[in-house]
Amino acid sequence: MTLLNLSFSACGFLGIYHLGAAAALHLHGEKLLGTLNACAGASAGALVATVLVTVPEKIEDCKEFTYRFADEVRKQKLGAMTPGYDFMHTLKEGIEHILPPNAHEIAGNRLSVSITHSKTGENCMVSSFSSREDLIKKWIDGGLSNSLPVLPVGRTVTVSPFIGRYNICPKDSGLMNVYIKLAKQDIRLSKDNIIRLSQALFPPMQEKMEVLYQNGYDDAVQFLRKENWFQ
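Below or above, wherever it landed, is the structure these notes cover. (Residues numbered from 1 in each chain as written. Predicted model: local features only at pLDDT ≥ 70, side-chain atom pairs only at ≥ 80, totals over all residues. Heavy atoms only, no water.)

Regarding unusual backbone geometry
Next, step 1: A positive phi is found at S43, a non-glycine position, where the angle reads about 55 degrees.
Next, step 2: Its relative accessible area of 24% is what places S43 among the partly exposed residues.
Next, step 3: For N109, which is not a glycine, the phi torsion comes out positive at approximately 65 degrees.
Next, step 4: Within the secondary structure, N109 is located in the loop between helix 6 (103-107) and strand 3 (111-116).
Next, step 5: On the basis of relative accessibility, which here comes to 62%, the residue N109 falls in the exposed class. (Buried < 20%, exposed > 50% of the residue type's maximum accessible area, 1.4 Å probe, protein only. Helix = DSSP H or I, 4+ residues; strand = E, 2+ residues; numbered from the N terminus.)

What about the packing of helix 4 (residues 59-74) against helix 9 (residues 206-226)?
Next, step 1: At a minimum axis distance of 11 Å, the contact between helix 4 and helix 9 shows a crossing angle of 145 degrees. Judged by the sense of rotation from one axis to the other, the crossing of helix 4 with helix 9 is right-handed. On the side of helix 4, the interface is formed by I59, E60, K63, T66, Y67, A70 and R74, while helix 9 contributes Q206, M209, E210 and Y213.
Next, step 2: Residue classes in the contact of helix 4 with helix 9 are distributed as 5 nonpolar, 2 polar and 4 charged. (Axes fitted to C-alpha atoms, helices over the stretch in contact; angles between N-to-C directions. Left-handed = near helix turned anticlockwise from the far one by under 90°. Contact = heavy atoms within 4.5 Å. Nonpolar A, V, L, I, M, F, W, Y, C, P; charged D, E, K, R; others polar.)

Overview of the layout of surface pockets
Next, step 1: In this structure, the second largest pocket occupies an estimated 190 Å³ of space.
Next, step 2: When contributions to the lining of the second largest pocket are tallied by element, the ones reaching two or more residues are helix 2 (30-33), strand 2 (36-42) and helix 3 (44-54).
Next, step 3: It is strand 2 that contributes the most residues to the lining of the second largest pocket, 4 residues altogether.
Next, step 4: Residues that form the lining of the second largest pocket fall into these classes: 7 nonpolar, 2 polar and 2 charged. (1 Å grid on protein atoms, 1.4 Å probe; cavity = no way out; pocket = protein on both sides within 12 Å on 5 of 7 lines; lining within 4 Å. Points joined across faces, edges and corners; volume = space filled by probe spheres on them.)

A closer look at the packing of helix 1 (residues 15-28) against helix 9
Next, step 1: It is the contact of helix 1 with helix 9, at a shortest axis distance of 7 Å, that shows an interaxial angle of 40 degrees. It follows from the interaxial angle that helix 1 and helix 9 lie oblique. Handedness of the helix 1/helix 9 crossing: right-handed. Residues I16, Y17, L19, G20, A21, A23, A24, L25, L27 and H28 of helix 1 pack against M209, L212, Y213, N215, G216, Y217, D219, A220, V221 and L224 of helix 9.
Next, step 2: A per-class count over the contact of helix 1 with helix 9 returns 15 nonpolar, 4 polar and 1 charged. (Parallel < 35°, antiparallel > 145°, perpendicular 65-115°, else oblique.)

Let's talk about the sheet that holds strand 4 (residues 123-126)
Next, step 1: Here we have 5 strands laid out as an open sheet, ordered 4-3-2-1-5, and mixed in their pairing. Looking at strand neighbours, the two that pair on one side only are strand 4 and strand 5 (155-159), the edges of this open sheet. When the angles between neighbouring strand axes are averaged without regard to direction, this sheet yields 25 degrees.
Next, step 2: Here strand 1 (residues 4-8) pairs with strand 5 via 5 bridges, running parallel. Within strand 5, the residue paired with L4 across the bridge is R155.
Next, step 3: Helix-sheet contacts for helix 3 involve strand 1, strand 2 and strand 3, and the interaxial angle to strand 2 is about 145 degrees. (Pairing = 2+ DSSP bridges.)

Examining the pattern of salt bridges
Two side chains with opposite charge may pair up if their charged atoms get near one another.
Next, step 1: Overall, the coordinates contain 5 salt bridges when judged by the stated rule.
Next, step 2: Close ionic contact of D71 with R74 constitutes a salt bridge, the shortest N to O distance being 3.5 Å. Here D71 and its partner R74 are both found in helix 4, 3 residues apart, which amounts to about one turn of the helix.
Next, step 3: For D71, a relative accessible area of 31% gives the class partly exposed.
Next, step 4: The partly exposed category is assigned to R74, whose relative accessible area is 22%.
Next, step 5: The salt bridge partner of K75 is D71, with a shortest N-O separation of 3.4 Å. (Salt bridge = Lys/Arg side-chain N within 4 Å of Asp/Glu carboxyl O.)

Describing the side chain of H18
Next, step 1: Structurally, H18 can be placed in helix 1.
Next, step 2: Other than its neighbours up to four places away in sequence, H18 contacts F8, S9, C11, G45, V48, V159, S160 and P161.

Comments concerning the packing of aromatic side chains
Next, step 1: Taken as a whole, this structure holds 4 aromatic pairs when the rule is applied.
Next, step 2: Seen in terms of ring centroids, F13 and F69 are 5.7 Å apart; in terms of plane orientation they differ by 40 degrees. Their pairing is tilted. In this pair, F13 is assigned in the loop between strand 1 and helix 1 and F69 in helix 4, connecting sequence segments 56 residues apart.
Next, step 3: Residue F13 is classed as buried on the basis of its relative accessible area of 10%.
Next, step 4: A ring pair is formed by F65 and F69, whose centres lie 5.7 Å apart and whose planes are at 5 degrees; its orientation type is stacked. With F65 and F69 both in helix 4 and 4 residues apart, the pair spans about one turn of that helix. (Phe/Tyr/Trp six-rings, centres within 6.5 Å; stacked < 30°, edge-to-face > 60°.)

Any functional reading would require information beyond the geometric quantities listed.
This is the structure in structure tokens:
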């Protein structure tokens, strides 16, 4: 039987789409999750992968935190880039309330995080963590060099809030079939994706984020049905 992996892309505030997909997989995807070899991710995708692996029952809590966090960022003059606003501190503080103290032990060898070396810019995958703080630091390091990791062994099911060549992603009604490669993500060149790229950096209003969450949920359910993995 082919080994199965699951990977969530880097996507900033569009991580709310990932949470919707993760919720659907948790509720209806035991045929996939029960045989999963590893779960991978980059940046926001690594956060969602961590929650799915360690405390899937807290996906709802993570969603509510994301709404509050995005609301706080929207109040800043320049969003997350506002001078003097330490959005990383707020993010870490919120996630520490969600992840269990032994998250690093639960995640060990079940979770792979894409990180970028700060000096060389080279990418590497990390699957061993010395503490919960080390685990959080690893996914905050981001995945600028590889924003959608595909594991070397088995089939990797890919999840992205951008329209592209992924297993779980939005559908585009446009006619263009042109793709651009962004940190190893093949993103379709479309108006919708340009809007999504902006939303990844500057969170949209909560009403839109709720729609994105539902879109992620629905797209994951559609994928599970297609693969005959829906339960």
